[in-house]
Amino acid sequence: MNIITGGVCAAKGFLANGVHCGIRKNRTKRDLALIYSETPASAAAVYTTNLVKGAPLAVTKKHIANGVAQAIICNSGNANTCNANGAEIAETTCALLADKLGIAADDIVVASTGVIGQPMSIEPFEAGIPSLVDGLTSSGSELAAEGIMTTDTIKKEVAVEFELGGKTCRIGGIAKGSGMIHPNMATMLVFITTDAAISPKMLQKALSNDITNTFNMLSIDGDTSTNDMVVVLANGAAGNEEITEDGADFTEFMKALNTVTVHLCRTIAGDGEGATKLLECKVSGAGELSTAKTVAKSVICSSLLKAAMFGADANWGRVLCAIGYSGAPVDVTKVGVSFRSAKGTIEVCRDGAGVDFSEERAKDILLEAEIEILVTLGDGEFSATAWGCDLTYDYVKINGDYRT
């Protein structure tokens with residue numbers, strides 16, 4: 001399996017584009033993105049569990065109930081959430097795009113991201129969709145990735161190449177996510193494409209299984225968004241025998257999907273609002289998988305720990321504190337904690353108690369841009385990983401005037 005370029009256009013038969021249509025005030029910012037499969041594709045999705053949901057999610061869920069889609073359109077700058085005409089805007093957007101592409105409106109996934117509760121107009125879509133479609137290209141993944149950004153500071157895309165039954169297949173994705181991200185599916189917008197042939201049922205199974213160890217293990221600020229979803233389209237252009245059941249090919253597909261989703265998780269975490277560091281909590285030695293996951297997420301969500309990591313302060317007591325209130329069945333007298341980065345590893349806690357360590361060396365390790373928090377529980381063989389970022393002054397600045 002190899003990492004390749006191309007993002008959502010790496011897979012055969014997919015085109016993409018991104019334009020500015022007028023939703024965002026800054027005319028230099030793209031605010032409308034399109035991903036298009038030249039043939040109908042198997043479709044699968046997972047959605048936020050927030051009871052307040054953006055209108056596009058309900059429309060998308062209805063459109064792909066049959067497991068088929070051919071295009072994804074997404075705007076940034078307005079979440080189309082809590083708007084009286086939200087569903088009408090989403091459906092009309094699909095109708096406009098369907099007319100331009102010559103496909104059925106029910107075969108379109110629609111998504112929005114941005115400020116909640118702001119009036120939404122169809123005019124920007126009417127103005128932008130013609131040029132959006134006319135500019136579709138096999139090298140347009142970066143343009144689409146730009147079109148879905150809000151407070152993101154970098155484009156997020158990745159692709160991998162792998163084999164199924166002797167056929168070369170590709171899977172790639174783009175994502176947006178910087179704030180309002182917390183486990184409860186889906187925690188951001190992620191669009192994934194593949195030219196592998198796989199049935200809608202197995203595609204949904206692959207995605208639903210994968211997110212439990214990837215996107216549901218990611219937290220930036222403890223807030224679960226109203227508009228988040230992860231969507232996968234598989235058009236079968238690679239020519240492999242369609243995956244319709246468990247087996248070696250399905251396992252290989254799952255590995256490729258996981259490579260893409262883990263990469264996007266790490267990229268999103270590292271680009272958290274105001275963040276200066278990517279945090280990765282690795283828990284090992286748990287008696288149950290659920291224990292490992294609960295502990296990892298509790299540590300990565302701790303505001304006090306996140307602040308300590310910003311200050312490069314090896315305050316391991318905050319790790320134990322987060323473990324203690326996690327609700328997981330842990331014997332605290334067996335817990336060990338170490339911090340690791342490109343500068344090395346330092347043990348700070350063993351058997352639930354502090355050990356002598358150099359504060360200077362610890363600070364040197366924690367000043368790096370990527371920090372691993374290593375937790376051992378000493379109770380079994382299960383492990384889990386969660387991702388997050390530090391908590392900085394800039395997070396408050398960004399969200400203090402996000403709407404205005």
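Note that the structure is a prediction, hence the values are computed from the model and not measured.

S.K.: Which residues make up the overall build of the protein, and what are the values?
M.R.: When helices and strands are counted, the protein shows 11 helices and 15 strands. The C-alpha atoms of the protein give 22 Å as radius of gyration, which agrees with the globular expectation for 404 residues (22 Å, within 12%). Over its C-alpha atoms, taken along the principal directions, the protein stretches across nearly 70 × 55 × 35 Å. Residue burial in the protein is summarised as follows: out of 404 residues, 55% are buried. The contacts of the protein with a sequence gap of at least 6 include a subset with a gap of at least 24, amounting to 80%. In the form shown here, the protein has an accessible surface area of approximately 15900 Å², with 50% of it arising from carbon and sulfur atoms.

S.K.: Outline the side chain of Asn-83, supporting the account with residue identities and numerical values.
M.R.: Mapped onto the elements of the fold, Asn-83 is located in the loop between strand S4 (68-78) and helix H2 (86-101). Judged by relative accessible area, which is 16%, Asn-83 ranks as buried. A polar side-chain atom of Asn-83 sits 3.5 Å from a polar atom in the side chain of Asn-80. Here Gln-118 takes part through its backbone oxygen, which lies 3.0 Å from a polar atom of the side chain of Asn-83. Every residue in contact with Asn-83, bar those within four places of it in the chain, is listed here: Asn-78, Gly-117, Gln-118, Pro-119 and Met-120.

S.K.: Can you break down the pairing of strand S2 (residues 14-19) residue by residue, with the values?
M.R.: Taken across its 6 residues, S2 has 6 buried, putting it largely inside the fold. Because side chains alternate across S2, one face comprises the buried residues Phe-14, Ala-16 and Gly-18, and the other comprises Leu-15, Asn-17 and Val-19, equally buried.

S.K.: Can you tell me about the packing of aromatic side chains, naming the residues and giving the values?
M.R.: Taken as a whole, this structure holds 2 aromatic pairs when the rule is applied. Ring plane angle 90° and centroid distance 5.3 Å describe the contact between Phe-310 and Tyr-393, whose orientation is recorded as edge-to-face. With Phe-310 in helix H8 (residues 303-310) and Tyr-393 in helix H11 (residues 393-400), this pair connects stretches of sequence that are 83 residues apart. Accessibility expressed as a relative area gives 27% for Phe-310, which makes it partly exposed.

S.K.: Lay out the pairing of strand S9 (residues 229-234) in plain terms, naming residues and giving numbers.
M.R.: Counting buried residues in S9 gives 6 out of 6 residues, a clear majority hidden from the surface. Side chains Met-229, Val-231 and Leu-233 of S9 all project onto a buried face; the interleaved residues Val-230, Val-232 and Ala-234 project onto the opposite face, where all are buried too. Of the strand pairs in this sheet, strand S3 (residues 32-47) and S9 are connected by 6 bridges, and their pairing is antiparallel. Paired with Val-46 across the two strands is Val-230, which belongs to S9. With 6 bridges joining them, strand S8 (residues 189-194) and S9 adopt parallel strand pairing. Bridge pairing in S9 places Val-190 opposite Val-230.

S.K.: Tell me what's going on with the nonpolar core, and back it up with residues and numbers.
M.R.: The tendency in soluble globular proteins is for nonpolar side chains to be buried as a group. In this structure, Phe-339 and Val-375 are the most contacted members of the largest nonpolar core, which totals 74 residues. In this view, Val-375 contacts Cys-281, Lys-282, Val-283, Ser-284, Val-295, Val-319, Ile-323, Val-335 and Gly-336; residues no more than four positions away in its chain are not counted. Counting 27 residues, the second-largest nonpolar core is a separate cluster that includes Ala-16, Ile-64, Cys-74 and Phe-191.

S.K.: Quick rundown of unusual backbone geometry? Include the residues and the values.
M.R.: Phi angles above zero are rare outside glycine, and Ala-312 is one such case at about 55°. Along the chain, the position of Ala-312 falls in the loop between H8 and helix H9 (317-324). By relative accessible area, which is 5% here, Ala-312 ends up buried. Although it is not a glycine, Asp-351 sits at a positive phi angle of roughly 55°. Secondary-structure assignment places Asp-351 in the loop between strand S12 (344-350) and strand S13 (353-354).

S.K.: Could you give an account of the packing of helix H1 (residues 55-63) against H2, naming the residues involved and the relevant values?
M.R.: As a packed pair, H1 and H2 sit with axes 8 Å apart at the nearest point and diverge in direction by 50°. Classified by the angle their axes make, H1 and H2 are oblique. Judged by the twist between their axes, the crossing of H1 over H2 is right-handed. Contacts between H1 and H2 involve Ala-55, Pro-56, Val-59, Lys-62 and His-63 from the former and Gly-86, Ala-87, Ala-90, Glu-91 and Cys-94 from the latter. Residues that form the contact of H1 with H2 fall into these classes: 6 nonpolar, 2 polar and 2 charged.

S.K.: Tell me about the sheet that holds strand S11 (residues 336-341), and please be specific about residues and values.
M.R.: The sheet built from 6 strands is open, its strands ordered S13-S12-S11-S14-S10-S15 with mixed pairing. Each having just a single partner strand, S13 and strand S15 (382-389) make up the two edges of the open sheet. Bridging between strand S10 (residues 278-286) and strand S14 (residues 370-376) involves 7 bridges; their strand directions are parallel. In the strand pairing of S14, Glu-280 is matched with Glu-372.

S.K.: Report on the packing of helix H5 (residues 200-211) against helix H6 (residues 248-270), specifying residues and quantitative values.
M.R.: Between H5 and H6, the shortest axis-to-axis distance is 10 Å and the interhelical angle comes to 50°. When the axes of H5 and H6 are compared, the pair comes out oblique. The interaxial crossing formed by H5 with H6 has right-handed handedness. Contacts between H5 and H6 pair Met-202, Leu-203, Lys-205, Ala-206, Leu-207, Asn-209 and Asp-210 from the former with Phe-250, Phe-253, Met-254, Leu-257, Asn-258 and Thr-261 from the latter. Residues of the contact of H5 with H6, tallied by class, amount to 8 nonpolar, 3 polar and 2 charged.

What counts as what
- Residues numbered from 1 in each chain as written.
- Predicted model: local features only at pLDDT ≥ 70, side-chain atom pairs only at ≥ 80, totals over all residues.
- Heavy atoms only, no water.
- Helix = DSSP H or I, 4+ residues; strand = E, 2+ residues; numbered from the N terminus.
- Rg over C-alpha atoms; globule rule 2.2 N^0.38 Å.
- Buried < 20%, exposed > 50% of the residue type's maximum accessible area, 1.4 Å probe, protein only.
- Contact = heavy atoms within 4.5 Å.
- Areas by Shrake-Rupley, 256 points an atom, 1.4 Å probe, with all protein chains shown as cover.
- Polar contact = N/O pair within 3.5 Å; in protein donor to acceptor, adjacent residues only side chain to side chain.
- Phe/Tyr/Trp six-rings, centres within 6.5 Å; stacked < 30°, edge-to-face > 60°.
- Pairing = 2+ DSSP bridges.
- Core = buried A, V, L, I, M, F, W, Y, C linked by side-chain atoms within 4.5 Å.
- Axes fitted to C-alpha atoms, helices over the stretch in contact; angles between N-to-C directions.
- Parallel < 35°, antiparallel > 145°, perpendicular 65-115°, else oblique.
- Left-handed = near helix turned anticlockwise from the far one by under 90°.
- Nonpolar A, V, L, I, M, F, W, Y, C, P; charged D, E, K, R; others polar.

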